[in-house]
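Listed here are the chains, written in short residue letters.
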Amino acid sequence: MARLAEALRAALGAIRAHLLRAALTVLGMVIGVAAVIAVVALLQGFGQSITQQFRNLGANGLVIVAYLPQKAALEGRIARITPDDLLAIRQRVAGVRDVVPLLPLAQFSAEVRYGSRSSNTSVSGTTSGFPRNGARYPVQGRFVVAGDDTTRRPVAVIGQTLIKDLHLPADPEGHFIQLFGTWFKVVGVLNKVGTLVGLIDRDNLVYIPYTTAVSLSGALTAPNIVIQLDVDNARAIKPVEARITAVLRRQHHLLPGEADDFKIQSAAELTKALTSALDSASLILGAIVGISLLVGGVGIMNVMLVSVTERTREIGIQKSLGATRADILLQFLLEAVLLSLLGGLVGLALGYGIGKLVVHLVPAFAGAIVPGWTIALSLGFTAAVGLVFGITPAAKAAALDPIEALRYE
Amino acid sequence: MSVALATDTAPLLELRGIGKRYRMGETDVDALRGVDLAIARNEYVAFIGPSGSGKTTLMNIVGCLDRPSSGSYLLNGQRVADLDDNALARIRNREIGFVFQNFNLLGRADALHNVMQPLVYRGIKLRERRQLATAALTGVGLGDRLDHRPNQLSGGQRQRVAIARALVGKPSILLADEPTGNLDSTTAREIMAMFATLHRAGNTIILVTHDAEVAAHAERTVAIRDGQVIGDTRHGRKGTAHGAAG
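Residues numbered from 1 in each chain as written. Chains lettered and ligands numbered in written order. Predicted model: local features only at pLDDT ≥ 70, side-chain atom pairs only at ≥ 80, totals over all residues.

Asks: I'm lost on the overall build of chain B in this one. Help?
Replies: A tally of regular secondary structure across chain B gives 8 helices and 10 strands. For chain B, buried positions account for 46% of its 246 residues. In chain B, the proportion of contacts linking residues at least 24 apart, taken out of those at least 6 apart, comes to 69%. (Helix = DSSP H or I, 4+ residues; strand = E, 2+ residues; numbered from the N terminus. Buried ≥ 20, exposed ≤ 12 C-beta atoms within 10 Å, placed from the backbone. Contact = placed C-beta atoms within 7 Å.)

Asks: Whenever I open this one, the overall build of chain A confuses me. Can you help?
Replies: Per the secondary structure count, chain A includes 14 helices and 12 strands. When burial is assessed residue by residue, chain A has 40% of its 409 residues classed as buried. Across chain A, contacts joining residues at least 24 apart in sequence account for 82% of those joining residues at least 6 apart.

Asks: Please explain the interface of chain B and chain A as it appears in this structure.
Replies: When the parts of a complex come together, some accessible area is lost, and that lost area is often used as the size of the interface. Across the boundary between the two partners, chain B contributes 21 residues, which contact 18 residues of chain A. For the side of chain B that touches chain A, the secondary-structure elements that each account for two or more residues are helix 3 (85-94) and helix 4 (111-120) of chain B. The element that contributes the greatest number of residues to the side of chain B that touches chain A is helix 3 of chain B, accounting for 6 residues. Grouping the amino acids of the side of chain B that touches chain A by side-chain chemistry returns 9 nonpolar, 6 polar and 6 charged. (Nonpolar A, V, L, I, M, F, W, Y, C, P; charged D, E, K, R; others polar.)

Asks: Would you explain the packing of helix 12 (residues 325-361) of chain A against helix 13 (residues 372-398) of chain A in this entry?
Replies: Residues and elements named next belong to chain A. In contact at an axis separation of 7 Å, helix 12 and helix 13 are set at 145° when each is read in the N-to-C sense. Helix 13 is crossed by helix 12, and the crossing has right-handed handedness. Its residues assigned to classes, the contact of helix 12 with helix 13 comprises 21 nonpolar, 7 polar and 1 charged. (Axes fitted to C-alpha atoms, helices over the stretch in contact; angles between N-to-C directions. Left-handed = near helix turned anticlockwise from the far one by under 90°.)

Asks: Is there a simple way to explain the environment of B:Tyr22 in this structure?
Replies: Residues and elements named next belong to chain B. Among the structural elements, tyrosine 22 can be located in strand 1 (residues 13-24). When the C-alpha positions of tyrosine 22 and serine 69 are compared, they lie 8.8 Å apart, and in sequence the two are 47 residues distant. Those residues in contact with tyrosine 22 that sit more than four places away from it in its chain are Val29 and Ala31.

Asks: What's the story with the packing of helix 10 (residues 267-310) of chain A against helix 13 of chain A in this structure? I'm lost.
Replies: Two measures define how a pair of helices packs: the angle their axes make with one another and the distance between the axes. All names here are of chain A. Closest axis-to-axis distance for the helix 10/helix 13 pair is 9 Å, and the angle between their directions is 25°. As far as their axial angle goes, helix 13 and helix 10 are roughly parallel. As helix 10 runs across helix 13, the sense of the crossing is right-handed. For the pair helix 10 and helix 13, the contacting residues are Gly290, Leu293, Leu294, Gly296, Gly297, Val298, Ile300, Met301, Met304, Leu305 and Val308 in the first and Phe381, Thr382, Val385, Gly386, Val388, Phe389, Gly390, Thr392, Pro393, Lys396 and Ala397 in the second. Of the residues belonging to the contact of helix 10 with helix 13, the class tally is 14 nonpolar, 7 polar and 1 charged. (Parallel < 35°, antiparallel > 145°, perpendicular 65-115°, else oblique.)

Asks: Would you mind showing me how to read the sheet that holds strand 1 of chain B here?
Replies: Across a sheet, paired strands are connected by hydrogen bonds in the backbone, their directions being either parallel or antiparallel. The 4 strands lie next to each other as 2-1-4-5 (chain B), forming an open sheet whose pairing is antiparallel. The sheet is open, and its two borders are formed by strand 2 (27-39) and strand 5 (78-79) of chain B, each paired with just one other strand. (Pairing = 2+ DSSP bridges.)

Asks: Can you walk me through unusual backbone geometry in this structure?
Replies: In terms of backbone geometry, most residues other than glycine have negative phi values and most peptide bonds are trans. Residues other than glycine seldom take positive phi values, yet A:Arg152 does so here, at roughly 50°. The phi angle at B:Phe103 is positive, at roughly 70°, despite the residue not being glycine. Within the element layout of this structure, B:Phe103 appears in the loop between strand 6 (96-99) and helix 4.

Asks: Please explain the nonpolar core as it appears in this structure.
Replies: Across soluble globular proteins, nonpolar side chains have a tendency to be buried as a group. Formed by 128 residues in total, the largest nonpolar core has its most connected members in B:Val115, B:Ala164 and B:Leu207. The element best represented in this core is helix 3 (residues 27-55) of chain A, accounting for 15 residues. The residues touching B:Leu207, leaving out its near neighbours within four places in the chain, are B:Val45, B:Ala46, B:Ala176, B:Val214, B:Ala215 and B:Ala218. Residues A:Val112, A:Ile158, A:Phe184 and A:Ala213 belong to the second largest nonpolar core, which totals 44 residues. (Core = buried A, V, L, I, M, F, W, Y, C linked by C-beta atoms within 7 Å.)

Asks: Just checking my understanding: could you explain the sheet that holds strand 3 (residues 44-48) of chain B for this structure?
Replies: All names here are of chain B. If you trace the 6 strands from one edge of the open sheet to the other, you get 6-7-8-3-9-10, paired in mixed fashion. Taken across any chain shown, the strands that pair with only one partner, and hence form the sheet edges, are strand 6 and strand 10 (228-234). On average, each strand axis in the sheet is inclined to that of its neighbour by 20°, with strand direction left out of account.

Written as structure tokens, this is what we have:
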């Protein structure tokens, strides 16, 4: 124990004796770790912001979408969730509320006109229960209400981008816009939610009543809808999922042994899938940038070799006083590992700082997050690099012949 | 100490037929050829010889810095001729105290830490190391220079730090290689006086020198030339007490 403490003290002393050299030596390490941490921090921050958007579904929320396994798709089958399925779920599944359909009519491709101006937007039909957990709410006027739905009113709730794009008045309520050749009265304006990672404008959209959308989609024999619903009791999600599965399988006339042609997604599952995808992306990118750490390791090895030569006489003295090979080996190995770790720590702080700076300068990045595993991994890896690249110089020092080392000038 | 009593009659170190052969390029050079030598506890011996005589090689073997190519070496009843590196390091740490011509202090460490260094390899705790080293430095008259680095000390003071370092672990033998070689004559006299005091206190001292005047301080002179012992003279005891060793 005393020997280990002494080896540590000697290693620290040697680093302190040449601070500038130590700083330059670990520069490669610092840059490598900083790069890894910055990349991972930004990716994780990015992931966090997307996950946050999924959370708006709520812990009780389930989403039912049509889905075909590849094999079934190759057999030429088509999967869809129909308005009949919506009715079936409403009538035959207990313990759920706010069973709301979403019928996407167009993704950024619907032409919308106001006066002489036109633009492209996304149009979806839905009902009053759709905006969940306060994520979307009307800042002017109202959302689609039950009465709109039952009477197929041609009304529209619009996102704020449309006011700008179509040069609508600041208070567009009561004005008419044209969609799919039909006039819609603007009854509400949604709150601004901003862009999805700076790319997708989430305020460029129009909601119309579900039944209105169904009749507009008349050209399609059976529209494919998405169903959102809330389970009354979050702990009963599994049985409710089983019940929905049973109902839909019967609706779709699936035989036992046939795969489901739909998927029931919960917020938790979506989040988990996304998080794991982002974690592997972080790991892969981190590993690529981590190669630069090897370059840092070579720098440390080089300086340690010089250092051993410089301190040959000192090593001889220590050996004459009774230091064993192991004592010398440990001392130099610790020095290399400490240097490397020092670089790792500085790099960690620097990388986090860079992440924060990028978030500050580029609005597309929501935040910089450094997860614990990254810190553990990068410090572990730096220590390992120090160990691997320190072993050769340390072994060289330990193997020195005491007489020749003492004679060394 | 009971061991010391049991072996009191036996020599402290005994060399029998020690040879050392170096390979210099294509040819073999015999630095030592069949050296037989026995040194008792509390002897004060000088190895004297010109440079290249083999006296330094002999000192390195006695000090367990080097291994003989042939012959046997018993130190304190231990066979050391065929020990491995770790065992030799252990003997250097416990049985030998070195004093070098150029002091060989660690430049980055102060006097106290230089003297504490050999105790590290014995696994002694920091507090005790500090106590022992402070006592050793006080013993050589440097109690007020504990935190001075070698470059803040005079040559004589540096050599006294080195002596304190050699003695702090209470070794069996104090091995001094030209200890006054880098000192002026006044300081050299002080250091030689210190060796005489240490000898009187019961220490076994081996002095390696080319200088007959320095060798004259010892009570026994072993003359070495061409790797062989060519003379072994006793000048009679200069020290007084022998009992201090017990």
